[in-house]
Amino acid sequence: EAMKPFVTPLSTALGHLQQATMWFVANAMAKPDNAGAGATDFMHLFGLVALGYMWCRMVEAARGKLAAGANGAEPSLNAKLLAGRFFMERMLPETASHLARIQAGAGSVMDEHDVGLDPFEGVGDRMRSCLAAGYPAHRQRGEFIGHAGG
């Protein structure tokens with residue numbers, strides 16, 4: 001009962017992860033763009049569920065230590081419980097948004113190419129060739145992050 005405020009949101013988030021997985025199974029093979037368009041949201045969703053699981057484990061351990069007397073660690077253990085509650089109430093519900101974006105499919109992400117838009121419009125020729133080749137422009141110019149000079 002004491003873990004209900006932690007386990008219930010985790011269960012909901014796990015349901016979102018399962019729904020997203022099944023959506024990919026049903027939709028990504030027929031249209032691979034669906035997999036690409038939803039990949040980042042899926043990784044975030046998966047990460048949130050994994051963190052939610054870890055928070056449940058940490059809260060359970062903190063509650064156990066508090067029940068055993070905490071040996072002077074009450075303030076830090078109580079802070080851990082509060083941080084866990086914050087995660088469950090304020091961050092874990094983001095899984096619903098990630099699921100909605102995944103289930104929206106690839107249409108709004110990939111269809112602009114079907115209407116004749118140039119994704120490199122307004123980009124100079126040198127930058128265009130770098131982007132098309134997947135090569136960072138600053139490296140082509142001989143510049144390196146963290147290095148003053150050229």
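The model shown is predicted, which means the values in this text are computed figures rather than measured ones. (Residues numbered from 1 in each chain as written. Predicted model: local features only at pLDDT ≥ 70, side-chain atom pairs only at ≥ 80, totals over all residues. Heavy atoms only, no water.)

1. Things to note about the overall build of the chain
To be explicit about the condition: For helices the rule is a DSSP run of H or I covering at least 4 residues; for strands it is a run of E covering at least 2, with both sets numbered from the N terminus onward. Residues count as neighbours in contact if any of their non-hydrogen atoms are within 4.5 Å of one another. In short, Shrake-Rupley with a 1.4 Å probe defines the accessible areas, and a residue's cover is counted only from the protein chains shown.
Within the chain one finds seven helices and zero strands. Order of helices (α) and strands (β) in the chain, N terminus to C terminus: α-α-α-α-α-α-α. Taking contacts inside the chain between residues at least 6 apart in sequence as the whole, the part at least 24 apart equals 68%. For the chain, the computed accessible surface area is about 9800 Å², with 60% contributed by carbon and sulfur atoms.

2. Regarding the pattern of salt bridges
The test is simple: Throughout this description, the term salt bridge denotes a Lys or Arg side-chain nitrogen within 4 Å of a carboxyl oxygen of Asp or Glu. Think of it in three bands: residues with accessible area under 20% of the maximum for their type are buried, residues over 50% are exposed, and the middle band is partly exposed, with areas taken using a 1.4 Å probe on protein chains only.
All chains considered together, the criterion is met by two salt bridges. Ionic pairing is found between Asp-41 and Arg-101, a salt bridge with its closest N-O pair at 2.8 Å. Taken together, the positions of Asp-41 in helix H2 (residues 32-67) and Arg-101 in helix H4 (residues 94-103) put the pair 60 residues apart, joining distant regions of the chain. With relative accessibility at 12%, the residue Asp-41 sits in the buried group. As a salt-bridge pair, Arg-85 and Glu-89 come within 3.2 Å of each other at their nearest N and O atoms. Of this pair, Arg-85 and Glu-89 both sit in helix H3 (residues 74-91), four residues apart, which is roughly one turn of the helix.

3. Structural notes on the environment of Gly-47
Inspection of the secondary structure puts Gly-47 in helix H2. Take Gly-47: its relative accessible area is 28%, and that puts it in the partly exposed class. For the pair Gly-47 and Thr-95, spaced 48 residues apart in sequence, the C-alpha separation works out to 9.6 Å.

4. Some words on the side chain of Asn-34
Within the secondary structure layout, Asn-34 lies in helix H2. For Asn-34, a relative accessible area of 8% translates into the label buried. The contact partners of Asn-34, leaving out residues within four places of it in the chain, are Trp-23, Phe-24, Asn-27, Ala-28, Gly-105 and Ala-106.

5. Details of the environment of Pro-5
One can find Pro-5 in helix H1 (residues 4-27). Residues Pro-5 and Arg-85, 80 residues apart in the sequence, show an inter-C-alpha distance of 7.5 Å.

6. Some thoughts on the packing of aromatic side chains
Filter applied, for reference: Each pair of aromatic rings taken from Phe, Tyr and Trp, with Trp reduced to its six-membered ring, is defined by centres within 6.5 Å and is described as stacked if the planes are under 30 degrees apart, edge-to-face if over 60, and tilted in the remaining cases.
Following the criterion strictly, the structure yields three aromatic pairs and no others. Seen from their ring centres, Phe-24 and Phe-42 are 5.3 Å apart, and the 80° between their planes marks the pair as edge-to-face. Pair noted here: Phe-24 is in helix H1 and Phe-42 is in helix H2, with a separation of 18 residues, a long-range link. An angle of 50° between the planes, with centres 6.3 Å apart, marks the rings of Phe-42 and Phe-46 as tilted. In this pair, Phe-42 and Phe-46 both sit in helix H2, four residues apart, roughly one turn of the helix. For Phe-42, a relative accessible area of 21% translates into the label partly exposed. An aromatic cluster is defined as three or more aromatic residues linked by ring pairs; in this entry it consists of Trp-23, Phe-24, Phe-42 and Phe-46.

7. A word on the side chain of Thr-95
The following threshold applies: Here a polar contact is recorded for every N or O atom pair within 3.5 Å, except that within protein the pair must consist of a potential hydrogen donor and a potential acceptor, and residues adjacent in sequence are included only if both atoms are side-chain atoms.
The residue Thr-95 is located in helix H4 in this model. Thr-95 sits in the buried class, given a relative accessible area of 1%. Separated by 2.8 Å, the side chains of Thr-95 and His-16 make a polar contact.

8. Focus: H2
The criterion, for reference: Under the convention used throughout, the expected extent of a helix is 1.5 Å for every residue step, that is, one less than its residue count. Think of it this way: the bend at a residue is just the angle between two axes, each fitted to seven residues, one set ending at that residue and the other starting at it.
Here H2 is 36 residues long and its end C-alpha atoms lie 51 Å apart, about the 52 Å a rise of 1.5 Å per residue gives. In the structure, H2 departs most strongly from a straight axis at Ala-39, where the bend amounts to approximately 50°. Looking at the buried residues of H2, the elements they touch are H1, H3, H4 and helix H5 (107-110).

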